[in-house]
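Here is what each chain is made of, one letter per residue.
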Amino acid sequence: MPEAQSDRLPVAAARGLAAPKVLTRDQVASYHANGYVAVERLIKQPLLKQLQDLAQEFIDRSRKVSASDDVFDVAPSHTAQAPKLRRLKTPDEQHPLFWETATGIIADVAADLIGPDVTFHHSKLNFKWADGTDQVRWHQDISFYPHTNYDLLTIGVYLHGAAADDGPLMVLPKSHLGPVCNQYDAKGAWTGSLSDADVAKLPLDQAVTITLPPGSVTVHNAVTLHASGNSKSKTGRPLLLFAYAPADAFPYTPNPSKSRHDRALVRGNPARWARMDPRPCLVPPDWSKGYTSIYAAQAGEDKSGMM
Ligand SMILES: O=C(O)CCC(=O)C(=O)O
């Protein structure tokens, strides 16, 4: 008799049976209830120092570019003397240590939350330079890369921590249980964020600002509404982000941050069945010919985001 989807243990039940490897059961439960979780000082020495040094090395390498390219997303004010690297793209393929981290302890975090079968989606290393262009507006990640279900998550490592002045991540708890929102403007141009009118309707008095010490980790679901303010400090606030999908979430649009590790299986087994989320999903513009970054999209620099 052919295998049927109903013969398989439902994913949520399977998750509950496995003992988490690096998180506590309370952290796992809190993530599923609230759509995010913060874990203090998860990344320890010597790995933390190695990642901090590597981030600095890429800032120094960005001095050689005068405009954004396939590796570096730089702010309009970037110069060799005063580098303003906003994002190192696809760090997982820029240095083996980033990929080892993505497939090591960070993949364990992902498996604790959406395992046992987990695929890699993308990575990026974001900075903020207190130059007024580093705000990230309220948005949901799922519409940047729609999948058949929305259990994807992003795990961020604060390499030097984030205080209130560093433009830390803000999340709206439980928003992962709600609808997928519009991220186009009234003229039909992709903005990668909610409109001011839609943001005004959010219960932002319930938003949580995630300030954390160095080596701490934040995790948010792909439907969780999140943002981050302008930085007022000169530290750069490197935030190393890794995104994963459960193996049974299949993409139906191009990955805007595609690396050679796109859909690499990092834990468990491949899926034979696609699991579906019943909620409609907003789809992005056609980025099959390229995508710059959320900063460029939200600042209106990314004309490929126009419909
Ligand atoms: O760097 C940040 O503060 C947040 C970035 C973010 O939300 C994203 O890249 O989707």
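The structure we're discussing is the one just above.
For the structure given in this document, a descriptive report is provided here. (Residues numbered from 1 in each chain as written. Predicted model: local features only at pLDDT ≥ 70, side-chain atom pairs only at ≥ 80, totals over all residues. Heavy atoms only, no water.)

With respect to the nonpolar core
1) Next: Membership of the largest hydrophobic core comes to 43 residues, with the highest contact counts inside it found for L113, L153, I155, V217, V219 and Y244.
2) Next: Core analysis: the second largest hydrophobic core is formed by 16 residues, Y150, W190, A222 and A245 among them. (Core = buried A, V, L, I, M, F, W, Y, C linked by side-chain atoms within 4.5 Å. Buried < 20%, exposed > 50% of the residue type's maximum accessible area, 1.4 Å probe, protein only.)

Here we look at the sheet that holds strand 7 (residues 169-171)
Sheet strands pair via backbone hydrogen bonds, and the direction of the pair is either parallel or antiparallel.
1) Next: Strand order in the open sheet formed by four strands is 5-10-7-8, and the pairing between neighbours is antiparallel. Looking at the sheet topology across the chains shown, the edges are occupied by strand 5 (136-139) and strand 8 (208-209).
2) Next: Two elements, strand 5 and strand 10 (residues 226-228), share two bridges in a ladder whose sense is antiparallel. Residue pairing for strand 10: H139 is matched across the bridge by H226. (Pairing = 2+ DSSP bridges. Helix = DSSP H or I, 4+ residues; strand = E, 2+ residues; numbered from the N terminus.)

What about the site of the ligand?
1) Next: In the neighbourhood of the ligand, 14 residues make up the surrounding shell, with R87, N126, H139, S228 and R237 lying closest.
2) Next: A distance of 3.0 Å is found between an oxygen atom of the ligand and a side-chain nitrogen or oxygen belonging to N126.
3) Next: Here an oxygen atom of the ligand sits 2.7 Å away from a polar atom, N or O, in the side chain of S228.
4) Next: Relative to its free-state accessible area of 290 Å², the ligand is covered by the protein chains to the extent of 97%.
5) Next: Mapped onto the shell around the ligand, the elements with two or more residues apiece are strand 4 (118-126), strand 5, strand 10 and helix 8 (294-298).
6) Next: Of the residues assigned to the shell around the ligand, the class counts are five nonpolar, four polar and five charged. (Near = heavy atom within 4 Å. Polar contact = N/O pair within 3.5 Å; in protein donor to acceptor, adjacent residues only side chain to side chain. Areas by Shrake-Rupley, 256 points an atom, 1.4 Å probe, with all protein chains shown as cover. Nonpolar A, V, L, I, M, F, W, Y, C, P; charged D, E, K, R; others polar.)

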